[in-house]
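Residue-level structure breakdown
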Amino acid sequence: MDDGFLMEVCVDSVESAVNAERGGAGRIELCAGLVEGGTTPSMGLLQVVKQCVRVPVFVMIRPRGGDFLYSDREVEVMKADIRLAKLHGADGLVFGALTEDGRIDTELCTALLAVCRPLPVTFHRAFDMVHDPLVALETLISLGFERVLTSGCDSSALEGLSLIKRLTEQAKGRIVVVPGGGITERNLQRILEGSTASEFHCSARSARDSGMKFRNPNVAMGASFSAPEYSIKVADVAKVRTLNAIAKNIL
């Protein structure tokens, strides 16, 4: 990260991972189901992505969409996925867990962190659902998380900018506060300058048309809120390059 800012791009396909690296991403967050905010990717996807890119690949550990209150069986799935991700070459892991009253689940996080080590771990945007973010930040620091991804507990990093700045100041280098959520080439400069962050997280995606010639307009494979059946969202090399250039020019 010789230019001062590190760009992490979240991806859910090999094509997106390759495009992110080509565009200048310094790290990849590998997920499935970005329409749900990201869930655990398949180990096949991790294996092939690791063969295709050289930048670090951090793997999302999230067994389902929805809230971050997990059952005992879901915890077993998370532990198994962490072990498998490590086995298949993950460079870091990303997870988050909360108690029913909106606090960091310290007991569960401690147990999951133990399985993750020695790899670095990011606490994901479950942070944006906490009751008290300033207290939660201290909890994450005491637990030993290397990073926290946040939109500043708001609808986007731009909307949550004042809290992101406050968290970064409070962290004092003890944890990396990574702004993420709705970051585009139109607002990146304002977010980086306003937050004093050293890293940022984005998807930098564009829609491309499916290659299917025959199409059945009457059937969709997902629920009504899902993405259009014949449109595929992929990390866009040009968008990644633009974001990277904006970050470099701020220095």
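Structure: see above.
Worth saying up front: this structure is predicted, and the values here are computed from it rather than measured.

Rules of the game
- Residue numbers here run from 1 along each chain, matching the order of that chain's written sequence.
- Since the coordinates come from a predicted model, pLDDT governs what is reported: local features require at least 70, and pairs of side-chain atoms require 80 or more to be given and counted, while whole-chain, interface and lining totals use all residues.
- The basis for every side-chain value is the complete set of heavy atoms in the structure, and neither hydrogens nor water enter the calculation.
- An axis is simply a line fitted to the C-alpha atoms; with a helix, the fit covers only the stretch in contact. Between two such axes, the angle follows the N-to-C directions and lies from 0 to 180 degrees.
- Numbering goes from the N terminus for both helices and strands, where a helix is a DSSP run of H or I of at least four residues and a strand is a run of E of at least two.
- A crossing counts as left-handed when the near helix is turned anticlockwise from the far one by less than a right angle, and as right-handed when that turn is clockwise.
- Contacts: residue pairs with any heavy atoms within 4.5 Å of one another.
- Polar here means any residue outside two lists: the nonpolar Ala, Val, Leu, Ile, Met, Phe, Trp, Tyr, Cys and Pro, and the charged Asp, Glu, Lys and Arg; Gly therefore counts as polar.
- Relative accessibility under 20% of the residue-type maximum defines a buried residue, over 50% an exposed one, and the middle range a partly exposed one, all with a 1.4 Å probe and only protein chains included.
- Only Phe, Tyr and Trp rings are paired, with Trp represented by its six-membered ring, and only when their centres lie within 6.5 Å; those with planes under 30 degrees apart are stacked, over 60 edge-to-face, the remainder tilted.
- Think of it this way: DSSP has to see at least two bridges between two strands before they count as a pair.
- Here the expected span of a helix is defined as 1.5 Å times the quantity of residues minus one.
- Each C-beta atom gives one direction from the helix axis, and the arc is the one those directions make.
- Under this definition, polar contacts are N or O atom pairs within 3.5 Å; protein pairs additionally need one hydrogen-donor-capable and one acceptor-capable atom, and for neighbouring residues in sequence, both atoms have to be side-chain atoms.

Considerations on the packing of helix α1 (residues 14-23) against helix α8 (residues 237-250)
Relative orientation of the contacting elements α1 and α8 amounts to 35 degrees, with a least axis distance of 8 Å. Handedness of the α1/α8 crossing: right-handed. Residue-level contacts link Asn19, Ala20, Arg22 and Gly23 of α1 to Val237, Val240, Arg241 and Asn244 of α8. Partitioned by chemical class, the residues of the contact of α1 with α8 number three nonpolar, three polar and two charged.

Digging into unusual backbone geometry
With an omega dihedral of 15 degrees, the bond running from Arg117 to Pro118 counts as a cis peptide bond. Positioned with a positive phi, Thr196 is a non-glycine residue whose angle comes to about 60 degrees. Judged by relative accessible area, which is 48%, Thr196 ranks as partly exposed. Although it is not a glycine, Ala204 adopts a positive phi angle of roughly 50 degrees. Mapped onto the fold, Ala204 is located in the loop between β8 (199-202) and β9 (205-209).

Quick look at the packing of aromatic side chains
Tallied over the full model, the rule gives two aromatic pairs. Summarising the aromatic geometry, the rings of Phe123 and Phe145 are spaced 5.3 Å apart at their centres and angled 85 degrees between planes, so their arrangement reads as edge-to-face. With Phe123 in strand β5 (residues 121-123) and Phe145 in the loop between α5 (133-143) and β6 (147-150), the pair connects residues that are 22 residues apart, well separated along the chain. Site record: aromatic cluster; members linked through ring pairs are Phe95, Phe123 and Phe145.

Quick word on the sheet that holds β5
Pairing is parallel across the open sheet formed by eight strands, whose spatial order is β7-β6-β5-β4-β3-β2-β1-β8. Each edge of the open sheet carries a strand with a single partner, namely β7 (176-179) and β8. Between one strand axis and the next, the sheet turns through 25 degrees on average, direction left out of account. Examined bridge by bridge, strand β1 (residues 6-11) and β8 share four bridges and lie parallel to one another. In the sheet register, Val9 faces β8, and the bridge partner there is Cys202.

With respect to helix α3 (residues 72-87)
Its 16 residues place the ends of α3 23 Å apart at the C-alpha level, agreeing with the 22 Å of an ideal helix rising 1.5 Å per residue. All buried positions along α3 are accounted for by Glu74, Val75, Met78, Lys79, Asp81, Ile82 and Ala85. Taken end-on, α3 shows its buried residues confined to a sector of 165 degrees, consistent with a single buried face. Counted as exposed and oriented over 90 degrees from the buried face of α3: Asp72, Arg73 and Leu87.

Examining α8
Here α8 is 14 residues long and its end C-alpha atoms lie 20 Å apart, about the 20 Å a rise of 1.5 Å per residue gives. Elements that come into contact with the buried residues of α8 comprise β1, α1, α7 (188-195), β8 and β10 (231-235). Looking at where α8 begins, the residue whose side-chain oxygen comes 2.9 Å from the main-chain nitrogen of Ala238 is Asp236.

Overview of the pairing of strand β4 (residues 92-95)
Burial along β4 is two-sided: Gly92 and Val94 and Leu93 and Phe95, pointing in opposite directions, are all buried. Looking at chain direction, strand β3 (residues 57-60) and β4 are connected through three bridges and run parallel. Bridge pairing in β4 links Val59 to Leu93. Here β4 runs beside β5; their pairing, made up of three bridges, is parallel. Within β5, the residue paired with Val94 across the bridge is Thr122.

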